[in-house]
Amino acid sequence: MSNNLIVGFSGNISRPSSTRRFVESVAQSLAAQTGLEQVTFDVEDLGASLASARSISDLDTAARTTIRTIVEATALVIGSPTYKGSYTGLFKHVFDLLDPADLRGKPIILTATGGGDRHSLVVEHQLRPLFAFFEAFVTPTAIYASGRDFTDGSPSPVIQSRVKQALDEAALLVGAKSISSAIAAE
Ligand SMILES: Cc1cc2nc3c(=O)[nH]c(=O)nc-3n(C[C@H](O)[C@H](O)[C@H](O)COP(=O)(O)O)c2cc1C
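Residues numbered from 1 in each chain as written. Predicted model: local features only at pLDDT ≥ 70, side-chain atom pairs only at ≥ 80, totals over all residues. Heavy atoms only, no water.

J.: How should the site of the ligand be read in this particular structure?
T.: Neighbouring residues of the ligand: 15 residues in total, closest Ser-17, Thr-19, Thr-82, Thr-113 and His-119. With respect to the ligand, the side chain of Thr-19 contributes an N or O atom lying 2.5 Å from an oxygen atom. Thr-113 is positioned with one of its side-chain polar atoms (N or O) 2.8 Å from an oxygen atom of the ligand. Surface burial for the ligand is 68%, taken as the share of its 650 Å² of free accessible area covered by protein chains. Put simply, the parts of the chain that give the shell around the ligand at least two residues each are helix H1 (18–34) and strand S4 (107–114). Within the shell around the ligand, the residues separate by chemical class into 3 nonpolar, 11 polar and 1 charged. (Near = heavy atom within 4 Å. Polar contact = N/O pair within 3.5 Å; in protein donor to acceptor, adjacent residues only side chain to side chain. Areas by Shrake-Rupley, 256 points an atom, 1.4 Å probe, with all protein chains shown as cover. Helix = DSSP H or I, 4+ residues; strand = E, 2+ residues; numbered from the N terminus. Nonpolar A, V, L, I, M, F, W, Y, C, P; charged D, E, K, R; others polar.)

J.: Hey, could you run me through the pattern of salt bridges in this one?
T.: Side chains bearing opposite charge may pair, as long as their charged atoms lie close to each other. Applying the stated criterion to the full structure yields 9 salt bridges. As a salt-bridge pair, Arg-15 and Asp-42 come within 2.7 Å of each other at their nearest N and O atoms. Note that Arg-15 is positioned in the loop between strand S1 (5–10) and H1 and Asp-42 in strand S2 (residues 37–42), a separation of 27 residues in sequence. Judged by its relative accessible area of 0%, Asp-42 falls in the buried class. (Salt bridge = Lys/Arg side-chain N within 4 Å of Asp/Glu carboxyl O. Buried < 20%, exposed > 50% of the residue type's maximum accessible area, 1.4 Å probe, protein only.)

J.: Would you take a moment to explain the packing of aromatic side chains for this structure?
T.: Evaluated as defined, the whole model comprises 9 aromatic pairs. Between Phe-91 and Phe-95 the ring centres are 4.9 Å apart and the planes differ by 50°, which places this aromatic pair in the tilted class. One end of the pair, Phe-91, and the other, Phe-95, are both in helix H5 (residues 89–96), 4 residues apart, so they sit about a helical turn from each other. Side by side, Phe-91 and Phe-95 carry an identical accessibility label, which is buried. (Phe/Tyr/Trp six-rings, centres within 6.5 Å; stacked < 30°, edge-to-face > 60°.)

J.: Can you help me understand the packing of H1 against helix H7 (residues 157–185) in this one?
T.: Packed helix pairs are specified by the crossing angle of their axes together with the interaxial distance, meaning the distance between the axes. Between H1 and H7, the least distance of the axes is 10 Å, while the angle of their chain directions is 45°. Comparing their axes, H7 and H1 come out oblique. Two packed elements cross with a definite hand, and for H1 against H7 that hand is right-handed. Between H1 and H7, the residues in contact are Phe-22, Val-26, Ser-29, Leu-30, Gln-33 and Thr-34 and Ile-159, Val-163, Leu-167, Asp-168, Ala-170, Ala-171 and Val-174, respectively. For the contact of H1 with H7, the class distribution of residues is 9 nonpolar, 3 polar and 1 charged. (Axes fitted to C-alpha atoms, helices over the stretch in contact; angles between N-to-C directions. Parallel < 35°, antiparallel > 145°, perpendicular 65-115°, else oblique. Left-handed = near helix turned anticlockwise from the far one by under 90°. Contact = heavy atoms within 4.5 Å.)

It is worth stressing that arrangement in space is one thing and function is another; only the former is reported here.
Here you go:
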């Protein structure tokens, strides 16, 4: 089931968040490119019930609705700040609550931010295997950006070019999925 939304989800656990801002800007660009609406959430949006939840049914109503919006997204833009060389703990907890089939075939762009360049492969060695577990359609291009890659919140030309590459790949996946859904509906 698809809600015709591009959904951004960021693993930041405090605000303001450079990760959330970056995820939202990529999600907005993908929405513009695919002619869809976008909405972006972060771990903070899931509220207090997240940390103690052991299953989706333990979440409060607002958090459950947010999770449903993520699961039903036409495509996702995912991001996390790098914490100790990986995504944040609560980011992983969100995905631990999902059914293994919930993201199968979902077009996804992966992003991460960090304090420096030392952990730039976090997108490849931490995020990509998680979404491979879910059998998602992750774009070949993932984007890592450190604080040095932003000036007044705007990404550098190098990051912008990586983003464009990932957007083109994601738009292809979204287009291919909509064609195959139309054929299946005939
Ligand atoms: C607990 C903690 C652990 C961190 N670990 C790393 C790390 O291993 N590698 C890194 O490059 N940055 C690390 N950072 C820096 C954050 O990844 C970086 O500041 C990030 O861009 C913050 O994103 P935000 O503004 O969305 O919170 C860490 C920050 C915190 C608070």
